[in-house]
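Chain by chain, the residues run as shown.
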Amino acid sequence: MTENLVFSDAHTHTNPVRGLGAAKIAERFKKEGGWFMALVSLSPWSYALEFNGFKSYENVIEILLRECKSAEEAGIKVACFSGFHPADIDTLIDRYKMDPIEVLNLGLKVIDYVADLCKNEVLDGIGEVGRQHYKTSAERVIISELILRRALEYVKDYGCKVHLHLENEGPITIELVLKEIETLEVNGTSKFAEKLLFHHFKPSLVKEAYQRGFSSTLPGLPRVLEYAFKELEPKYMIESDHIDDPARPGSVIYPWEMIRGEKMLLRRGVVSEDYLYKVNVDNVVKFYGVKEP
Ligand SMILES: [Zn+2]
Ligand SMILES: [Zn+2]
């Protein structure tokens with residue numbers, strides 16, 4: 001195996017309050033050959049923050065920015081994203097007894113704020129935003145959808161990148177986003193294709209996404225990667241979606257373990273170095289606009 005092989009994590013989380021935090025994660029990731037991580041913030045209560053409306057989301061962003069700095073200090077290139085996770089809508093209504101319309105207004109305000117930071121190059125983009133991947137009420141899906149549309153407007157206005165968390169169902173998942181983009185009246189979808197990332201997609205949807213010119217990420221579990229390396233063109237990125245929660249250790253996969261899995265598949269001849277370079281470097285450089293390692 002050559003020394004030049006480097007690996008990226010195109011969507012992950014770190015939790016310095018409850019979990020390992022970025023410094024430790026980045027160090028282990030780097031040791032295994034990692035070079036780049038896209039860090040996405042968690043929900044306020046994940047960091048044990050007392051919920052205090054919009055202020056909590058400002059605190060979330062402060063934590064994220066510190067985590068990005070820690071990862072950079074450990075020698076990892078980073079991209080930093082903050083948003084309003086669709087599951088927050090359910091939590092805010094169920095646990096915090098917020099009125100659905102208040103939740104909608106809070107979500108829109110958070111997206112406006114994140115977009116402003118993205119415009120000023122403090123953050124790299126908005127994420128996660130999108131729709132619930134589990135069954136919830138129609139009203140809550142509509143709230144998600146309205147917040148997602150606000151984020152899409154900022155793709156158009158400011159060129160913000162967006163990590164979309166969607167239901168991962170079938171081609172209609174992409175179809176609806178395409179229709180929404182059309183309603184924003186931008187000539188062609190290419191401007192959006194450069195900025196949107198469909199995160200945590202299953203292989204069949206990854207294929208659907210790249211055939212339509214969009215970026216997507218695949219969860220880096222060995223069995224998923226083995227299938228993808230055999231069946232898909234190297235036109236996507238790989239993510240750990242690691243939530244850094246000691247209550248769910250290694251969920252979805254530890255970033256350094258994800259790298260070990262890729263190396264194992266390389267040794268077994270399932271994937272070539274060239275293919276790994278495309279998904280871990282070329283596609284990351286192109287989507288995130290970072291310099292090659
Ligand atoms: Zn997600
Ligand atoms: Zn995630």
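For the structure, see preceding data.
Presented here is an overview of the structure given in this document. For clarity, every value in this text was computed on a predicted model and none was experimentally measured. (Residues numbered from 1 in each chain as written. Chains lettered and ligands numbered in written order. Predicted model: local features only at pLDDT ≥ 70, side-chain atom pairs only at ≥ 80, totals over all residues. Heavy atoms only, no water.)

As for the coordination of the zinc ion (ligand 2)
For the record, the criterion: Water is absent from the atoms considered, so a metal site may look incomplete; donors are defined as N, O and S atoms within 2.8 Å of the metal, or 3.2 Å for Na, K and Ca. Irregular is the default label, applied whenever a site is not tetrahedral (four donors, all angles between 85 and 135 degrees) and neither square planar nor octahedral (four or six donors, opposite donors over 155 degrees apart, all other angles between 65 and 115). In this text, helices come from DSSP runs of H or I with a minimum length of four residues, and strands from runs of E with a minimum of two, each type numbered from the N-terminal end. Buried, partly exposed and exposed residues are distinguished by accessible area as a fraction of the type maximum, computed with a 1.4 Å probe on protein chains only: under 20%, between the cut-offs, and over 50%, respectively.
The protein atoms that coordinate the zinc ion (ligand 2) are His11 (NE2), His13 (NE2), Glu128 (OE) and Asp241 (OD), at distances spanning 2.1 to 2.2 Å. The coordination sphere of the zinc ion (ligand 2) comprises 4 donor atoms, whose angles at the metal cover 89 to 173 degrees; the geometry is irregular. A distance of 3.5 Å spans the gap from the zinc ion (ligand 2) to the zinc ion (ligand 1), which Glu128 bridges by coordinating each metal. Placement of His11 in strand β1 (residues 7-12) and of Asp241 in the loop between β8 (237-239) and α10 (255-267) is noted, with a sequence separation of 230 residues between them. The pair formed by His11 and Asp241 is uniform in burial state, with each residue classed as buried.

Remarks on the coordination of the zinc ion (ligand 1)
Protein coordination of the zinc ion (ligand 1) is provided by Glu128 (OE), His165 (ND1) and His199 (NE2), with donor distances spanning 2.0 to 2.1 Å. Counting along the primary sequence, the residues that act as donors to the zinc ion (ligand 1) give the motif E-x36-H-x33-H. What makes Glu128 buried here is its relative accessible area of 5%.

Observations concerning helix α8 (residues 203-211)
Our working rule: Two residues qualify as a contact provided that any one of their heavy atoms is within 4.5 Å of a heavy atom in the partner residue.
Looking only at α8, the buried set comprises Pro203, Leu205, Val206, Glu208, Ala209 and Tyr210. In this structure, the buried side of α8 is in contact with α6 (171-183), β6 (196-199), β7 (215-219) and α9 (222-231). Two residues or fewer past α8, Gly213 is found with a positive phi of approximately 85 degrees.

Thoughts on the layout of surface pockets
Picture a little ball the size of a water molecule; that probe, rolled over the atoms, points out where space is still empty. Threshold: Grid spacing is 1 Å over the protein atoms alone, the probe is 1.4 Å, and a cavity is where that probe fits but cannot get out, while a pocket is an open set with protein on both sides within 12 Å along at least five of seven lines and lining residues have an atom within 4 Å of a point. Grid points are joined across faces, edges and corners, and a volume is the space filled by probe spheres set on the points. Polar here means any residue outside two lists: the nonpolar Ala, Val, Leu, Ile, Met, Phe, Trp, Tyr, Cys and Pro, and the charged Asp, Glu, Lys and Arg; Gly therefore counts as polar.
Roughly 790 Å³ of volume is contained in the largest pocket. The leading source of residues in the lining of the largest pocket is helix α3 (residues 86-94), at 3 residues. Taken together, the residues that form the lining of the largest pocket break down as 11 nonpolar, 15 polar and 8 charged. One number sums up the size of the second largest pocket: a volume of about 340 Å³. Taken together, 15 residues make up the lining of the second largest pocket; nearest its centre are Ala193, Gly213, Phe214, Ser215 and Lys286.

Considerations on the state of the cysteines
Quick reminder of the rule: When two cysteine sulfur atoms are found within 2.5 Å, that pair is recorded as a disulfide.
Applying the stated criterion to the full structure yields 2 disulfides. Linked covalently through their sulfurs, Cys68 and Cys80 form a disulfide whose S-S length is 2.1 Å. Pair noted here: Cys68 is in helix α2 (residues 54-73) and Cys80 is in strand β3 (residues 77-82), with a separation of 12 residues, a long-range link. On the basis of relative accessibility, which here comes to 3%, the residue Cys68 falls in the buried class.

A few points about the side chain of Glu145
Note that Glu145 resides in helix α5 (residues 138-158). Look past the residues within four positions of Glu145 in its chain and what remains in contact with it is Arg131, Leu176 and Glu180.

Focus: the pattern of salt bridges
Note the cut-off: Definition used for salt bridges: Asp or Glu carboxyl oxygen within 4 Å of a side-chain nitrogen of Lys or Arg.
Overall, the coordinates contain 18 salt bridges when judged by the stated rule. Of the charged contacts in the structure, one is a salt bridge between Arg212 and Glu208, with a shortest N-O distance of 3.3 Å. Here Arg268 ties to Glu226 by a salt bridge, and the two come within 2.8 Å at their closest N and O atoms. Taken as a pair, Arg268 in the loop between α10 and α11 (273-288) and Glu226 in helix α9 lie far apart in primary sequence, 42 residues in all.

Overview of the pairing of strand β4 (residues 125-130)
Rules: Two strands are counted as paired when DSSP detects at least two bridges linking them. Seen with the strands pointing away from the viewer, any crossover whose path from the first strand over the helix to the second strand runs clockwise is right-handed.
The element β4 is largely enclosed, with a buried count of 6 among its 6 residues. Where β3 meets β4, 2 bridges bridge the pair, whose relative direction is parallel. Residue Phe81 lies in a different strand from β4, and its bridge partner there is Gly125. Since β4 and strand β5 (residues 161-165) lie parallel, the crossover through α5 that links them has a hand, and here it is right-handed.

Overview of the side chain of Asp244
Stated precisely, the cut-off is as follows: The charge count treats Lys and Arg as positive and Asp and Glu as negative. His and the chain ends do not count. Whenever a nitrogen or oxygen atom comes within 3.5 Å of another N or O atom, the pair is scored as a polar contact, on the condition that within protein one atom can donate a hydrogen and the other can accept it, and that pairs from neighbouring residues in sequence are kept only if both atoms are in side chains.
Mapped onto the fold, Asp244 is located in the loop between β8 and α10. For the buried residue Asp244, which engages in no salt bridge, the nearest side chain bearing the opposite charge is Lys24, 8.9 Å off. There is a polar contact of 2.8 Å between the side chain of Asp244 and the backbone nitrogen of Leu20. Separated by 2.9 Å, the side chain of Asp244 and the backbone nitrogen of Gly21 make a polar contact.

Let's talk about the sheet that holds strand β2 (residues 34-40)
Applied cut-off: What counts as an axis is a line fitted to C-alpha atoms, over the stretch in contact for a helix, and the angles between N-to-C directions run from 0 to 180 degrees.
The sheet built from 8 strands is open, its strands ordered β1-β2-β3-β4-β5-β6-β7-β8 with parallel pairing. Here the strands that pair on one side only, and so sit at the sheet edges, are β1 and β8. Each strand axis lies, on average, 25 degrees off the axis of its neighbour in the sheet, ignoring direction. Strands β1, β2, β3, β5, β6, β7 and β8 of the sheet are contacted by α11, whose axis makes an angle of about 50 degrees with β2.

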